[in-house]
Amino acid sequence: MKLIFLGPPGAGKGTQADKVCGYHGIAHISTGEMLRGEIREGTELGMEAKDYIEKGELVPDEVIIGMVEHRIHAQDCAKGFLLDGFPRTVAQADAFQHISDIDMVINIDVPAARLIDRIGGRRMCSGCGVGYHTSTYAGNTCERCGAKLFIRDDDKPETVKNRILVYERLTQPLIAYYEKMGKLQTVNGDETPAEVTADILALTEKLV
Ligand code: AP5
Ligand code: MG
């Protein structure tokens, strides 16, 4: 099963990917998580990506395309994968057409007004990468693995505003792109996380 999640920053892509990948036994490929991992390890790629991420800009297409092409051939992708945060530009989507086929693109639709609050209250686990929100969890450590929670560097209000603008300018056109290809499904992301998961699984079950 090969899936893509589309959606603005804070739409719940990571939250839903965690559930959907666990359910179907497919690999969760978050380009944002991969880049943050490269930054933590201080690699050349990480150093190149850091400035873009801190400004809320996109990392250059050629860097990302090479990274994803390599990643989807890893052992854990044998049963399939879910791309979370890729593609993000038409150039990335065009390049991916030559790399792999795709079964379904799921657009998680959330009103713009909701996004700032979602990102403002987000806490991430430094161990397993699972996300929390301060409105539903007040702890400082992960319920799943016990590691410390942290606030992402690019979750500052001014960076978030730019990320949303960049999404509208460069990524939103992919909705029409995949609609034209007959691959697009849209779910209402403005429900509880469990309801959104149920809606997504109702779509992906048809692919099994
Ligand atoms: P990336 O890490 O992909 O960030 P993003 O797309 O901005 O999305 P987020 O991770 O912020 O949001 P999400 O949709 O995953 O929401 P979440 O589930 O956490 O990218 C970061 C940066 O890396 C980019 O800006 C760019 O610089 C670079 N990059 C990455 N990929 C790239 C690419 N392909 N090309 C170029 N550059 C790239 O949820 C958010 C919060 O809401 C959480 O607190 C969660 O608990 C809560 N929540 C989730 N669902 C619900 C719900 N249904 N109801 C209430 N609260 C909810
Ligand atoms: Mg995410």
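Data block above holds the structure.
Here's a quick rundown of the structure. All values derive from a computational prediction rather than experimental measurement.

### What to know about the overall build of the chain
Logical step 1: Along the chain, the regular secondary structure elements total 9 helices and 8 strands.
Logical step 2: For 208 residues, the compact-globule formula gives about 17 Å, and the C-alpha radius of gyration of the chain, at 16 Å, lands near that figure.
Logical step 3: With respect to the principal axes defined by its C-alpha atoms, the chain has extents near 40 × 40 × 35 Å.
Logical step 4: Here the chain holds 208 residues, and the buried ones make up 46% of them.
Logical step 5: Surface accessibility of the chain: about 10600 Å² in total, with carbon and sulfur atoms responsible for 51%.
Logical step 6: Within the chain, one finds 24 positive and 31 negative side-chain charges whose respective centroids are separated by 3 Å.

### A few points about the site of ligand 1
Logical step 1: In the vicinity of ligand 1 lie 32 residues, with T15, E57, R88, R122 and R163 positioned nearest.
Logical step 2: Interatomic distance of 2.5 Å between a side-chain N/O atom of R88 and an oxygen atom of ligand 1.
Logical step 3: A distance of 2.8 Å is found between a nitrogen atom of ligand 1 and a backbone nitrogen or oxygen belonging to E191.
Logical step 4: In isolation ligand 1 exposes 1100 Å². Once the protein is present, 92% of that is buried.
Logical step 5: If you list the elements that add at least two residues to the shell around ligand 1, you get α1 (13-24), α2 (31-41) and β6 (131-133).
Logical step 6: The greatest single-element share of the shell around ligand 1, amounting to 4 residues, is contributed by α2.

### Structural notes on the sheet that holds strand β5 (residues 122-125)
Logical step 1: The strand order β6-β5-β7 describes an open sheet built from 3 strands, whose pairing is antiparallel. Lying at the two open borders of the sheet, with one neighbouring strand each, are β6 and β7 (149-150).

### Here's the deal with the nonpolar core
Logical step 1: Core analysis: the biggest nonpolar cluster contains 27 residues, and F81, L83, F96 and Y178 have the highest contact counts within it.
Logical step 2: Those elements giving two or more residues to this core turn out to be β1 (2-6), β2 (27-30), α3 (44-55), α4 (61-71), β3 (81-84), α5 (90-97) and α8 (173-180).
Logical step 3: The element best represented in this core is α4, accounting for 5 residues.
Logical step 4: For L83, the contacting residues outside a window of four places in its chain are L3, I4, F5, I29, V68 and F96.

### Quick word on the packing of α2 against α4
Logical step 1: Remark: α2 packs on α4, axes separated minimally by 11 Å, with the N-to-C direction vectors making an angle of 100°. It follows that α2 is roughly perpendicular to α4 by the angle criterion. Mapping the contact onto sequence places T31, M34 and L35 in α2 and I64, M67, V68 and R71 in α4.
Logical step 2: Among the residues forming the contact of α2 with α4, the class breakdown is 5 nonpolar, 1 polar and 1 charged.

### Considerations on the pattern of salt bridges
Logical step 1: Summed over all chains, the structure comprises 10 salt bridges.
Logical step 2: Here R144 and D18 are joined by a salt bridge, their closest N and O atoms 2.7 Å apart. You can see R144 sitting in the loop between β6 and β7 and its partner D18 sitting in helix α1, a full 126 residues away along the chain.
Logical step 3: For R144, a relative accessible area of 52% puts it in the exposed group.
Logical step 4: Residue classification places D18 among the partly exposed residues on the basis of a relative accessible area of 27%.

### A short note on the packing of aromatic side chains
Logical step 1: Summed over the entire model, instances satisfying the criterion amount to 4 aromatic pairs.
Logical step 2: Arranged with centres 4.9 Å apart and planes meeting at 75°, the rings of Y177 and Y178 form a pair that is edge-to-face. This pair shows no difference in class: Y177 is buried, exactly as Y178 is.
Logical step 3: Joined through ring pairs, the aromatic side chains of F81, F86 and F96 make up one cluster.

Basis of the calculations
- Residues numbered from 1 in each chain as written.
- Chains lettered and ligands numbered in written order.
- Predicted model: local features only at pLDDT ≥ 70, side-chain atom pairs only at ≥ 80, totals over all residues.
- Heavy atoms only, no water.
- Helix = DSSP H or I, 4+ residues; strand = E, 2+ residues; numbered from the N terminus.
- Rg over C-alpha atoms; globule rule 2.2 N^0.38 Å.
- Buried < 20%, exposed > 50% of the residue type's maximum accessible area, 1.4 Å probe, protein only.
- Areas by Shrake-Rupley, 256 points an atom, 1.4 Å probe, with all protein chains shown as cover.
- Lys, Arg positive; Asp, Glu negative; His and termini not counted.
- Charge placed at Lys NZ, Arg CZ, Asp CG, Glu CD.
- Near = heavy atom within 4 Å.
- Polar contact = N/O pair within 3.5 Å; in protein donor to acceptor, adjacent residues only side chain to side chain.
- Pairing = 2+ DSSP bridges.
- Core = buried A, V, L, I, M, F, W, Y, C linked by side-chain atoms within 4.5 Å.
- Contact = heavy atoms within 4.5 Å.
- Axes fitted to C-alpha atoms, helices over the stretch in contact; angles between N-to-C directions.
- Parallel < 35°, antiparallel > 145°, perpendicular 65-115°, else oblique.
- Nonpolar A, V, L, I, M, F, W, Y, C, P; charged D, E, K, R; others polar.
- Salt bridge = Lys/Arg side-chain N within 4 Å of Asp/Glu carboxyl O.
- Phe/Tyr/Trp six-rings, centres within 6.5 Å; stacked < 30°, edge-to-face > 60°.

Read these as layout, nothing more, since geometry by itself doesn't imply function.
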